[in-house]
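# Examining the three-dimensional arrangement
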Amino acid sequence: MTAQASGTTPTDGLPPALAEIVDDFHAVSEPERLQLLLDFSRGLPALPERYAEHPELLEPVPECQSPIFLLTEVDDDADRTVHLFFSAPAEAPTTRGFAGILAEGLDGLPASAVLDVPGDVCSRLGLDRAVSPLRLRGMTGMLGRIQRQIRESTAA
């Protein structure tokens, strides 16, 4: 059942920055959504030097067809602020695009907000007909690993 069929919107339950991204995808036609995904691919921040020189610190995401690695840092502040780091090859624009969406939509949020992001966020982008289910599963895999890393970092 789609979000609209159940009486909800695609942005329900999403943090504001991620909801805005979902709105942006729904504001354009299906062919333009692929272009928007490519824009997020180009906007993926480079790894900071401390991780670029030590890629072994990043976790692979085997659900992705392309080699992508990620790492989540959780600050020791009251909100347990989350910072996301991704490494994805330029020749994997779909994967980089999904990483870019997650980086822009989740980086800097409190851990509790990231943990509350529903697992179906990738399908809410409206890319189901433009991107293969295997690629969509890769974004779901990225989100799952981010949330697991946060849970591990915030465990008492």
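Notes on the structure follow. (Residues numbered from 1 in each chain as written. Predicted model: local features only at pLDDT ≥ 70, side-chain atom pairs only at ≥ 80, totals over all residues. Heavy atoms only, no water.)

Of the regular secondary structure elements, the chain holds 6 helices and 3 strands. Ordered by position in the sequence, the α and β elements of the chain form the string α-α-α-β-β-β-α-α-α. Radius of gyration (C-alpha) of the chain: 15 Å, near the 15 Å computed for a compact globule of 156 residues. A principal-axis box enclosing the C-alpha atoms of the chain has dimensions of 40 × 35 × 20 Å. In the chain, which comprises 156 residues, the proportion classed as buried is 43%. Residue pairs in contact within the chain that sit at least 24 positions apart in sequence constitute 66% of those at least 6 positions apart. (Helix = DSSP H or I, 4+ residues; strand = E, 2+ residues; numbered from the N terminus. Rg over C-alpha atoms; globule rule 2.2 N^0.38 Å. Buried < 20%, exposed > 50% of the residue type's maximum accessible area, 1.4 Å probe, protein only. Contact = heavy atoms within 4.5 Å.)

Attention now moves to unusual backbone geometry. Unlike most non-glycine residues, Arg 80 shows phi in positive territory, near 55°. Here Arg 80 shows up in the loop between β2 (69–74) and β3 (82–87).

Closest axis-to-axis distance for the helix α2 (residues 30–42)/helix α4 (residues 93–106) pair is 7 Å, and the angle between their directions is 75°. With respect to each other, α2 and α4 are oriented roughly perpendicular. Side by side, α2 and α4 meet where Leu 37, Leu 38, Phe 40 and Ser 41 of the first sit next to Pro 93, Thr 94, Arg 96, Gly 97, Phe 98, Gly 100, Ile 101 and Glu 104 of the second. Of the residues that constitute the contact of α2 with α4, the class distribution is 6 nonpolar, 4 polar and 2 charged. (Axes fitted to C-alpha atoms, helices over the stretch in contact; angles between N-to-C directions. Parallel < 35°, antiparallel > 145°, perpendicular 65-115°, else oblique. Nonpolar A, V, L, I, M, F, W, Y, C, P; charged D, E, K, R; others polar.)

How two helices pack is summed up by the angle between their axes together with the distance between the axes. One can describe the packing of helix α1 (residues 16–26) onto α4 by two numbers: an axis separation of 7 Å at closest approach and a directional angle of 135°. Classed by the angle they form, the pair α1 and α4 counts as oblique. For the pair α1 and α4, the crossing hand works out as right-handed. For the pair formed by α1 and α4, the contact residues are Ala 17, Leu 18, Ile 21 and Phe 25 on the first element and Ile 101, Glu 104, Gly 105 and Leu 106 on the second. Grouping the constituent residues of the contact of α1 with α4 by class yields 6 nonpolar, 1 polar and 1 charged. (Left-handed = near helix turned anticlockwise from the far one by under 90°.)

We now examine the packing of aromatic side chains. A full pass over the atoms with the stated rule returns 2 aromatic pairs. Where Phe 25 meets Phe 40, the ring centres are 6.0 Å apart and the plane angle is 20°; that geometry is what we call stacked. Within this pair, whereas Phe 25 is found in helix α1, its partner Phe 40 is found in helix α2, the two being separated by 15 residues in sequence. With a relative accessible area of 0%, Phe 25 lands in the buried category. Between Tyr 51 and Phe 85 the ring centres are 5.1 Å apart and the planes differ by 55°, which places this aromatic pair in the tilted class. One end of the pair, Tyr 51, is in helix α3 (residues 49–52); the other, Phe 85, is in strand β3, with 34 residues separating them in the sequence. (Phe/Tyr/Trp six-rings, centres within 6.5 Å; stacked < 30°, edge-to-face > 60°.)

What follows concerns helix α6 (residues 133–154). With 22 residues, α6 extends 32 Å between its outermost C-alpha atoms, agreeing within 8% with the 32 Å of an ideal straight helix rising 1.5 Å per residue. Listing the buried residues of α6 in full gives Leu 136, Gly 138, Met 139, Gly 141, Met 142, Leu 143, Arg 145, Ile 146, Gln 147, Gln 149 and Ile 150. Lining the buried residues of α6 we find β1 (59–60), β2, β3, α4 and α5 (111–115). (Expected span 1.5 Å × (residues − 1).)

What follows deals with the pattern of salt bridges. On inspection of all chains with the given rule, the structure shows 7 salt bridges. When the shortest N-O distance is used, the salt bridge between Glu 73 and Arg 50 registers 3.0 Å. Linking Glu 73 in strand β2 with Arg 50 in helix α3, this pair joins segments that are 23 residues apart in sequence. Taking relative accessible area as the criterion, Arg 50 reaches 45% and is therefore assigned partly exposed. Taking the shortest distance from any N to any O, the salt bridge between Arg 145 and Glu 59 comes out at 2.7 Å. Of this pair, Arg 145 sits in helix α6 while Glu 59 sits in strand β1; the two residues are 86 residues apart in sequence, bridging distant segments of the chain. Comparing Arg 145 with Glu 59, the two get one shared label, buried. (Salt bridge = Lys/Arg side-chain N within 4 Å of Asp/Glu carboxyl O.)

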